[in-house]
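Summary of the model geometry
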Amino acid sequence: MILTNTTIATVAPDGTYGLIANGAVVLSGDRIAWVGAGDEIPAEMADAPRTDLGGRLTTPGLIDCHTHVVHGGNRAREFEMRLQGASYEEIARAGGGIVSTVSATRAASADELVASALPRVDALIAEGVTHVEIKSGYGLDCDTELMMLRAARDIANQRPIRVSTTFLGAHAVPKEFDGGADAYLDEICIPTLRAAHAEGLVDAVDGFCEGIAFTPEQIARVFEVARELGLPVKLHAEQLSHLGGTQVAARFGALSADHLEYADEDDARALAAAGSVAVLLPGAFYTLHETQAPPIDAFRRHSVPMALATDCNPGTSPLTSLLLTMNMGCTLFGLTPEEALAGVTRHAARALGLTDCGTVTAGARADLAVWDVAHPAELSYRIGFNPLYQRIFGGAA
């Protein structure tokens, strides 16, 4: 099949739009066979069936590279508490926050977890998302963590979307280990990581490095096991304070460090040296009423690739719109629309260790989004409007 009469935002290696006016994309099976100007289609491909896109914009399929869409319950009451002045840390220390979602998740069955996650995934699919990362971390015991990862894998069987699974056992210390983070790591987190890896459920390993979660030294213990198992790592770092998690992530060559509101120039330098992606999560920044934005200029100075993601979770970012995330990245963090598009395509793919998607180039997967817009800046410009015209997943509309 040949897609013709379309402006193509290929998303170039330097993160620019890489626009091709009056372009064409040749699809062969689940791959892109050729991309270029519409009047330069190779003769050997020219007889394939054609679809005229009417001048619309074609981009890579969008990638949400940081989500917690599999979970039980919701935390609407905590939303009210925050509006009444309680801080995220105060809510967490009072038994709310992550721990409250743990109780709801443990009480759910695998089928219930999948059923509750699918509407959230459907919302992402409706906006042109073709790949989503899903973390565990709301079980904090072996059985529930494994159940969450199995549920995440099952979503790819029930919807036309690819799923990357991330083990986030080092998300919080459950109530039964109150005050015993090291004991929790030894008795639950690390053995569960080994079990999940043995079952083929883990694509990457994550952790939450923060005063209400785990220290850099504790995270390093988990990452050492990930390294032993041959698994890449990523890290929630510098979200609420500057604890030093970014330096740990860089030391382990992390795929990404995520949040990063309190990161500094040295952290940006370390991420650049490690080749790690800075994943920005404006939904959490917005929900928590934060005032310190990530050091965007430092990331630019050191050429750190910046991705954007919803951080879809029940407590701090109940957000299921990657388009709104793009707008937030621009309005709250000062990204350009060009950086925002790269952040949900090429750089998001890199944050997941993916090399076969995130761009419109020959050889990449035929995961595309066709938009009823004239210029890619419109994707970040509009608020609460979805201009998706067609989503192509693995070459199929």
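Residues numbered from 1 in each chain as written. Predicted model: local features only at pLDDT ≥ 70, side-chain atom pairs only at ≥ 80, totals over all residues. Heavy atoms only, no water.

Some points on the UniProt feature "binding site: Zn(2+)" (unreviewed entry) in the protein chain
Applicable threshold: UniProt positions are given in the numbering used here, feature names are shortened, and annotations may be inferred rather than shown by experiment. Secondary structure elements follow DSSP: runs of H or I no shorter than four residues count as helices, runs of E no shorter than two count as strands, and numbering proceeds from the N terminus. Only protein chains enter the area calculation, which uses a 1.4 Å probe; residues under 20% of their type maximum are buried, those over 50% are exposed, and those in between are partly exposed.
UniProt's entry tags His66, His68, His236 and Asp311 with the feature "binding site: Zn(2+)" (unreviewed entry), counted in the numbering of this structure. Separation in sequence by 246 residues is not matched in space for these annotated residues, since their most distant C-alpha atoms are only 12.5 Å apart. Summarising the element assignment, His68 is placed in the loop between strand S6 (62-64) and helix H1 (76-83). By relative accessible area, His68 is classed as buried at 2%. Along the chain, the position of Asp311 falls in the loop between strand S13 (306-308) and helix H12 (322-333). What makes Asp311 buried here is its relative accessible area of 2%.

Remarks on the UniProt feature "binding site: Fe(3+)" (unreviewed entry) in the protein chain
Definition in use: The contact definition used throughout considers only heavy atoms, calling two residues in contact when any of these lie within 4.5 Å. Here a polar contact means two N or O atoms within 3.5 Å. Within protein one must be a hydrogen donor candidate and the other an acceptor candidate, and residues neighboring in sequence count only if both atoms are side-chain atoms.
UniProt's feature table lists "binding site: Fe(3+)" (unreviewed entry) at His66, His68, His236 and Asp311, given in the numbering used throughout. By the secondary structure assignment, His66 is in the loop between S6 and H1. For His66, the contacting residues outside a window of four places in its chain are Glu133, Lys135, His236, Asp258, His259, Val279, Leu281, Ala309, Thr310, Asp311 and Cys312. Of the polar contacts made by the side chain of His66, one reaches the side chain of His68; its length is 3.3 Å. Once residues within four sequence positions are removed from consideration, His68 is found in contact with Lys135, Tyr138, Leu168, His171, His236, Asp311, Cys312 and Asn313.

Focus on the packing of aromatic side chains
Where we set the bar: Ring geometry is summarised as follows: Phe, Tyr and Trp rings, the Trp one being its six-membered ring, pair when their centres sit within 6.5 Å, and such pairs are stacked at plane angles under 30 degrees, edge-to-face over 60 and tilted between the two. Ring-over charges, as used throughout, are those where CZ of Arg or NZ of Lys falls within 6 Å of the ring centre and within 35 degrees of the ring normal.
This model, assessed by the stated rule, comprises four aromatic pairs. Here the aromatic rings of Phe177 and Tyr184 are separated by 5.8 Å at their centres, their planes lie at 65°, and the arrangement is edge-to-face. With centroids separated by 5.5 Å and ring planes inclined at 75°, the aromatic side chains of Phe223 and Phe252 adopt a geometry described as edge-to-face. Linking Phe223 in helix H7 (residues 216-229) with Phe252 in the loop between helix H8 (245-251) and strand S11 (256-259), this pair joins segments that are 29 residues apart in sequence. Among the aromatic residues, those joined into a cluster by ring pairs are Phe177, Tyr184 and Phe214. Residue placement shows Arg56 over the ring face of Tyr389; its charged tip is 3.7 Å from the ring centre. Between Arg365 and the ring centre of Phe393, over which it is positioned, the NZ or CZ distance is 5.0 Å.

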